[in-house]
Amino acid sequence: MSNNENFGKVMTVLGPIDPIEIGITSTHDHILINFEAILTEPLNPKEKSMMNKKLSLENMGWIRFNWASSKDNLVYDDENLACNELKYFKNAGGKTIVDVTNIGLGRNPIKLQSISKKTGVNIVMGTGYYVELAQNKGYAKDGIEGLYENIINDIKIGVDSSTVKSGIIGEVGCSWPWTENEKLSMEASVLAHKETGLPLLIHPGRNQIAPLEIIKYIDELGANLDNVVMGHIDRTIFDNNILKETADTGVYLNLDLWGHDSPFYPLAPETYMPGDHERINMIEFLIHKGFEDKILLAHDICTKHRLKEFGGHGFDHIINHVIPWMKARKIDKENITKMVGTCLLYTSDAADEGLGVDLGGRRI
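From a predicted model like this one, the values you see are computed outputs, not experimental measurements.

Quick look at the environment of Val164 now. Tracing the chain through its elements places Val164 in the loop between α4 (143-156) and β8 (168-173). Spatially, the C-alpha atoms of Val164 and Asn108 are 9.8 Å apart, while their sequence positions differ by 56 residues. With residues up to four places along the chain from it excluded, the contact list for Val164 reads Val13, Pro109, Ile110, Gln113, Met125, Asp154, Gly158 and Val159.

By size, the foremost hydrophobic cluster in this structure holds 52 residues, and its most contacted members are Met186, Leu200, Ile202, Ile218, Ile283, Leu297 and Met326. Of all hydrophobic cores here, the second largest spans 37 residues; its members include Tyr76, Leu112, Ile123 and Ala134.

If you trace the eight strands from one edge of the open sheet to the other, you get β3-β6-β7-β8-β9-β10-β11-β12, paired in parallel fashion. Taken across any chain shown, the strands that pair with only one partner, and hence form the sheet edges, are β3 (24-29) and β12 (295-297). This sheet shows a mean twist of 25° between the axes of neighbouring strands, independent of strand direction. Sitting on the sheet, helix α3 (residues 109-119) is in contact with β6 (94-99) and β7 (122-127), with an inclination near 165° to β7. In the packing of helix α5 (residues 180-196) onto the sheet, contacts are made with β8 and β9 (200-203), and the angle to β8 comes to roughly 165°.

The subject of this paragraph is the packing of α5 against helix α6 (residues 210-220). Interhelical geometry of α5 versus α6 gives an angle of 50° and a closest axis separation of 10 Å. When the interaxial angle is binned, α5 and α6 end up oblique. Between α5 and α6 lies a crossing whose hand is right-handed. Along the contact surface, α5 presents Lys183, Met186, Glu187 and Val190, while α6 presents Ile214, Tyr217 and Ile218. Among the residues forming the contact of α5 with α6, the class breakdown is five nonpolar, no polar and two charged.

With the rule as written, the count across this model stands at six aromatic pairs. Taking the centre distance of 4.9 Å and the plane angle of 70° together, the rings of Trp178 and Tyr217 count as edge-to-face. Here Tyr217 lies in helix α6 and Trp178 lies in the loop between β8 and α5, a separation of 39 residues in the sequence. Look at Tyr217 and you get partly exposed, because its relative accessible area is 23%. Where Phe238 meets Tyr272, the ring centres are 4.6 Å apart and the plane angle is 35°; that geometry is what we call tilted. On the criterion of sequence distance, the pair formed by Phe238 in the loop between α7 (233-236) and α8 (240-247) and Tyr272 in the loop between β11 (252-255) and α9 (276-288) is long-range, its members being 34 residues apart.

Turning next to the pattern of salt bridges. Pairs may arise between side chains of opposite charge once their charged atoms sit close together. Counted under the stated rule, the structure contains 18 salt bridges. With its nearest N and O atoms 3.5 Å apart, the salt bridge here joins Lys141 to Asp142. Among the ionic contacts, a cluster of salt bridges with common partners joins Lys54, Asp72 and Lys304.

The subject of this paragraph is helix α2 (residues 79-91). Taking 1.5 Å per residue, 13 residues should reach 18 Å; α2 reaches 18 Å between its end C-alpha atoms and fits that length. Residues of α2 that are buried include every one of Glu79, Leu81, Ala82, Cys83, Glu85, Leu86 and Phe89, and no others. Count one or two residues on from α2 and you reach Gly93, which has phi positive near 110°.

On to the environment of Lys48. One can find Lys48 in the loop between β4 (33-34) and α1 (60-65). Here Lys48 falls in the partly exposed class, since its relative accessible area comes to 40%.

In this section: the pairing of β6. When you tally the buried positions in β6, you get five out of six residues, the bulk of the element. Looking at chain direction, β3 and β6 are connected through four bridges and run parallel. Note on β6: the bridge partner recorded for Ser26 is Ile97. Sheet topology places β6 next to β7; four bridges connect them, and they run parallel.

Turning our attention to the confidence of the model for the chain. Looking at the chain as a whole, its pLDDT mean stands at 92, while 92% of the residues score no less than 70. Confidence drops under a pLDDT of 50 for residues 343-362, and excluding neighbours within four residues, the segment shows 79 contacts in the predicted structure.

A word on unusual backbone geometry. Trans peptide bonds make up most of the peptide bonds, and negative phi angles are found at most residues other than glycine. Here Gly170 and Glu171 are connected by a cis peptide whose omega angle stands at 5°. Here Glu171 shows up in strand β8. Cis geometry is found at the peptide bond from Trp176 to Pro177, where omega equals -5°. Here Pro177 is to be found in the loop between β8 and α5. One non-glycine residue, Asp160, adopts positive backbone phi at about 55°. Examined against the element boundaries, Asp160 turns out to sit in the loop between α4 and β8. Residue classification places Asp160 among the exposed positions, given a relative accessible area of 56%. At Asp300, a residue that is not glycine, the phi angle is positive and equals roughly 50°. By the element assignment, Asp300 lies in the loop between β12 and α10 (317-328). In this structure Asp300 comes out as buried when scored by relative accessible area, which is 7%.

Reading the values: rules and limits
Residue positions are given per chain, counting from 1 as you read along its sequence in written order. In view of the model being predicted, local features appear only for residues whose pLDDT reaches at least 70, and side-chain atom pairs are presented and counted only at 80 or more, with totals across whole chains, interfaces and linings using the full set of residues. Hydrogens are left out, water is left out, and the side-chain values use all remaining heavy atoms of the structure. Under the scheme used here, helices are H or I runs from DSSP no shorter than 4 residues and strands are E runs no shorter than 2 residues, and both carry numbers assigned from the N terminus. Any two residues having at least one pair of non-hydrogen atoms within 4.5 Å are treated as being in contact. We call a set of buried Ala, Val, Leu, Ile, Met, Phe, Trp, Tyr and Cys residues a nonpolar core when their side-chain atoms join them within 4.5 Å. Residue exposure (1.4 Å probe, protein chains only): buried if accessible area is under 20% of the type maximum, exposed if over 50%, otherwise partly exposed. Pairing between two strands requires that DSSP report at least two bridges joining them. Fitting a line to C-alpha atoms yields each axis, with helices limited to the stretch in contact; the angle taken between N-to-C directions then spans 0 to 180 degrees. For classification purposes, an angle smaller than 35 degrees is called roughly parallel, one larger than 145 roughly antiparallel, one from 65 to 115 roughly perpendicular, and anything else oblique. The crossing is said to be left-handed when, going from far helix to near helix, the turn is anticlockwise and less than a right angle, and right-handed when the turn is clockwise. Here the term charged refers only to Asp, Glu, Lys and Arg, the term nonpolar to Ala, Val, Leu, Ile, Met, Phe, Trp, Tyr, Cys and Pro, and the term polar to all other amino acids, Gly among them. Pairing of aromatic side chains requires ring centres within 6.5 Å, counting the rings of Phe and Tyr and the six-membered ring of Trp. Pairs whose planes differ by under 30 degrees are stacked, by over 60 edge-to-face, and all others tilted. Here a salt bridge means any side-chain nitrogen of Lys or Arg lying within 4 Å of a carboxyl oxygen belonging to Asp or Glu. Expected helix span is computed as 1.5 Å times (number of residues minus one). The quantity called pLDDT is the predictor's confidence in a given residue, expressed from 0 to 100.

And the structure:
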């Protein structure tokens, strides 16, 4: 038996809690974020002047299509705004948000702690490194050891100079093609995952075989695939044969872009973003194939236009709209509960006592 008092607990920004307190969970969202790293020019070059305009009713239609081309749309860090947005989630019955805003995305542990106190929403904060595009130059100069030490520090001591600890390793960013530094980041993340027992949540590059490539890589490193979440399945895999092959590996499949209503995907314009009806189709296929225990749901809200303050669907979209739709499609209550009541996934069994944009041809 472990001597660690946090054994079997879930680490939130307010400290460890029992899994029974987790309740309805969004497994991949961003309560605060600076996403400027992915800023790209609009599809129509004549509209470049729109990039510097603030969000308004007048340009909201343009923003919804060109969401990665508006500087104002890619940053939100106001604590009061975040509290107001999370109140909708809580009022709908939501209990926990896994905020995978990690290194490179403007993570702010002190604000997250304050937001959790004010709203009563449990927040599980991420660690690890987002894609190389979002990192400072030379971030991997100390190799795997340096990256690993930073991740472990976030888990055991606290993020930055705070004592606020991360409770999940992710979203670990991979581009397509995968960069060498991102492979180092992934290896460091797997080492921390093996040492602490924390789940690993992965952002794959925009290619259908990217998840399988990553899974093979981390499996060879000794990752526990039963405690790995492969993110963005819904915007990455369109072939059911590849989807089943990915599910067969044993990882959790995160359909995490519910409510993203623009089919144009500026980070990989040769492809598209599915609609919520297509996500439901994926769920029905996975249930039919016996993977109902491996499906997770989230919104991946990472831009202002998806917040209610700016006319978006908000953090309560899955609870208030998607779940009733799934019920209407005859997906049974037991399976729906499995998808949103994911407390066991975020239980740490750590034994430690301290516990695209075409940017160089890469698609993120």
